[in-house]
Every structure is written in structure tokens, then in C-alpha cells.
Amino acid sequence: MADHPMTDDAVLHGALREKLVRAKEQWAREGRLLTGETSTPQAQRLPPGQRLVQDFPVLDLGVQPEVKPERWRLRVEGLVEEKVALDWDAFQSLPQQEWVNDIHCVTAWSRYDNRWKGVAARDILMLARPKPEARFVVFHSYDGYTTNVPLEVFAAEEAMVAHTWNGAPLDRVHGGPARIVIPRYYFWKSAKWVTRIELLAEDRPGFWEVRGYHNNADPWLEERYA
Ligand SMILES: Nc1nc2c(c(=O)[nH]1)N[C@H]1C(S)=C(S)[C@@H](COP(=O)(O)O)O[C@H]1N2
Ligand SMILES: [Mo]
């Protein structure tokens, strides 16, 4: 039995800390994490090839459907145990989240600190209960737009169906009354005017994905084009 386990422990921790501090000093001298060709969210906030904007550009197919909340519906269909159809009141009665994140558009603008309010994708999926074979999601919008993501991406934390942006109801031009927000990917994966969420066993590329854009759309890997 060691007579002074606390002392041994403290010495060990002290040595480890020293080692860590030295390694970090070395990294700082070499500029590690700052000089790489590819960047990671930990190293910097702006993904490669992006430029920061202060405004909020509008991008879509040129049709901006006017969907009144009274007429808005959100359906969850396909490989689900239970089909879901939410009207506006049912949607609003679900638990509400408020999350702040950055937008990265494939046309190279990024916008920091967007405060979204809405319902977590997880909570909507929970209502429908995806079947075990469900592995992909396609979003369908009122303007005919579609886009696809793996189910695990939509079920991940921070994916939501948003109705409020920076404290005000989402503008029609930005997809109001409700849009998908998936901040981890280029913004084309965030379907505006969403009305239907379809769960599939096989992947099905959406509007831009069949027109030369990357299927995954990770801005940190610059997955812009197929
Ligand atoms: N329904 C729908 N959603 C859409 C689009 C669209 O044309 N229709 N365009 C996508 C693209 S390419 C981008 S960059 C973002 C733009 O969102 P914003 O207009 O709010 O900036 O919406 C995405 N979601
Ligand atoms: Mo885009």
C-alpha cells in the first residue's frame, strides 16, 4: 500500500499538465490548426471558400408561395409507424426550441448567429416513429422543391422545423411560415415552405442534387458539387 497516494497522484497530474502545456506551446509556435488546407469547425468559424455577410440573401427557384398558417400542413409519411399530419396549432403545441447557428450557402456567403425558433426534428420524428428500414429523408416544399438528407442527419441535434428567425415570424421569402433548418450543411438542404417529410429506405436525390450539386453538402469538406 502506498503511504501517500495523494502525493503520488498530485505529482502524476502535475507531470501530465506540464506535458500538455508544453505540447500546446509547441502548437502555438508552429501555428498548428491554422495552416491546414481543410479546416474544421474547431479551428475556425468560416468554412473554406466562404465569405461573411451581414444581410440575409434570398435564394430560391423564383416562386415564393404564400402559405397562410391556417392552410399550412406538415405531413410525415413513407416508412413510418404512424403517418403524421400537423396543422399550425398542433405544430405550435409541440415543445419549442430556440437555437443559434451559422448559415453557409453554397454560393459562398455565410451568415453568423441566426436565432431560430421551432420544433426539433427529433420531436417530429418521435411522433411518426420511423420504421427500422427508414434511412433517408426527402423534404417536399410548397414550391415543388425537394432536397434529401440521411435520416441520422435530420434526427441529429440542431435540425429543426423553424417558424421564427431573430425574434420575428419567418418571412415568406425565407420560407415562412415554416422551413427546415439543418445548420451543419450548405443551406440548400434547409427546405423553405416545407410541407411534407418523406422517409425512405433508399436515398433519393432532390432538386439540386440531380443538377450537379453534392449529395452530402458538408461545408467543412467543401462538398459543393458532385
Ligand atoms: N422550398 C425551397 N427551399 C429552398 C430553396 C428553394 O428554391 N425552394 N432554395 C435553397 C437554397 S439553394 C438556399 S441557399 C436556401 C436559401 O434560403 P434563404 O432564401 O432563406 O436564404 O434555401 C434553400 N431551400
Ligand atoms: Mo443555395
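Residues numbered from 1 in each chain as written. Chains lettered and ligands numbered in written order. Predicted model: local features only at pLDDT ≥ 70, side-chain atom pairs only at ≥ 80, totals over all residues. Heavy atoms only, no water.

## Focus on the confidence of the model for the protein
Of the residues in the protein, 81% have a pLDDT of 70 or more, and the chain-wide mean is 89. Low pLDDT (under 50) marks residues 1–10, which in the prediction has one contact with non-local residues, meaning those over four places away or in another chain. Below pLDDT 50 for its whole length, residues 32–36 participates in four contacts with residues either more than four positions away or in separate chains. (pLDDT = per-residue confidence, 0-100. Contact = heavy atoms within 4.5 Å.)

## A few points about unusual backbone geometry
A cis geometry characterises the amide bond from Gly176 onward to Pro177, with omega recorded as 15°. Its place among the elements puts Pro177 in the loop between β9 (168–169) and β10 (179–181). Residue Trp193 is not a glycine yet carries a positive backbone phi of 45°. With respect to the secondary-structure elements, Trp193 resides in the loop between β10 and β11 (194–200). Positive phi, close to 70°, is recorded for Ala217, a residue that is not glycine. (Helix = DSSP H or I, 4+ residues; strand = E, 2+ residues; numbered from the N terminus.)

## Topic: the pattern of salt bridges
All told, the structure shown has nine salt bridges when counted by the stated rule. Where Asp113 meets Arg45, a salt bridge forms, and the shortest distance between an N and an O atom there is 2.9 Å. Here Arg45 lies in the loop between α1 (5–30) and β1 (51–52) and Asp113 lies in strand β5 (residues 109–120), a separation of 68 residues in the sequence. Note that Glu82 is salt-bridged to Arg129, the shortest N-O span being 2.9 Å. Taken together, the positions of Glu82 in the loop between β2 (74–78) and β3 (84–86) and Arg129 in the loop between α3 (121–128) and β6 (136–141) put the pair 47 residues apart, joining distant regions of the chain. With relative accessibility at 43%, the residue Arg129 sits in the partly exposed group. A network of salt bridges, in which partner residues are shared, links Arg45, Asp102 and Asp113. (Salt bridge = Lys/Arg side-chain N within 4 Å of Asp/Glu carboxyl O. Buried < 20%, exposed > 50% of the residue type's maximum accessible area, 1.4 Å probe, protein only.)

## Let's talk about the nonpolar core
Among the nonpolar cores identified, the biggest contains 37 residues, and Phe139, Phe154, Ile180, Ile182, Ile197 and Leu199 are the most heavily contacted of them. At the level of elements, β2, β3, α2 (88–93), α3, β6, α4 (151–154) and β11 are the ones that each hand at least two residues to this core. At four residues, α3 tops the list of elements feeding residues into this core. With residues up to four places along the chain from it excluded, the contact list for Phe139 reads Tyr145, Thr146, Thr147, Val149, Phe154, Ile180, Ile182, Lys189, Ala191, Val194, Arg196 and Ile197. Judged by nonpolar contacts, the second largest core, of 14 residues, contains Val53, Phe56, Ala120 and Met160. (Core = buried A, V, L, I, M, F, W, Y, C linked by side-chain atoms within 4.5 Å.)

## Quick look at the packing of aromatic side chains
Summed over the entire model, instances satisfying the criterion amount to 15 aromatic pairs. Aromatic pair Tyr186 and Trp188: ring centres 5.8 Å apart, planes at 15°, arrangement stacked. Note on Tyr186: relative accessible area 0%, which makes it buried. With a relative accessible area of 8%, Trp188 lands in the buried category. Ring pairing ties together the aromatic residues Tyr145, Tyr186, Trp188, Phe207, Trp208, Tyr213 and Tyr225, which thus form one cluster. Seen from the ring of Tyr112, Arg45 lies directly overhead, with NZ or CZ sitting 4.0 Å from the centre. (Phe/Tyr/Trp six-rings, centres within 6.5 Å; stacked < 30°, edge-to-face > 60°. Lys NZ or Arg CZ within 6 Å of the ring centre and 35° of its normal.)

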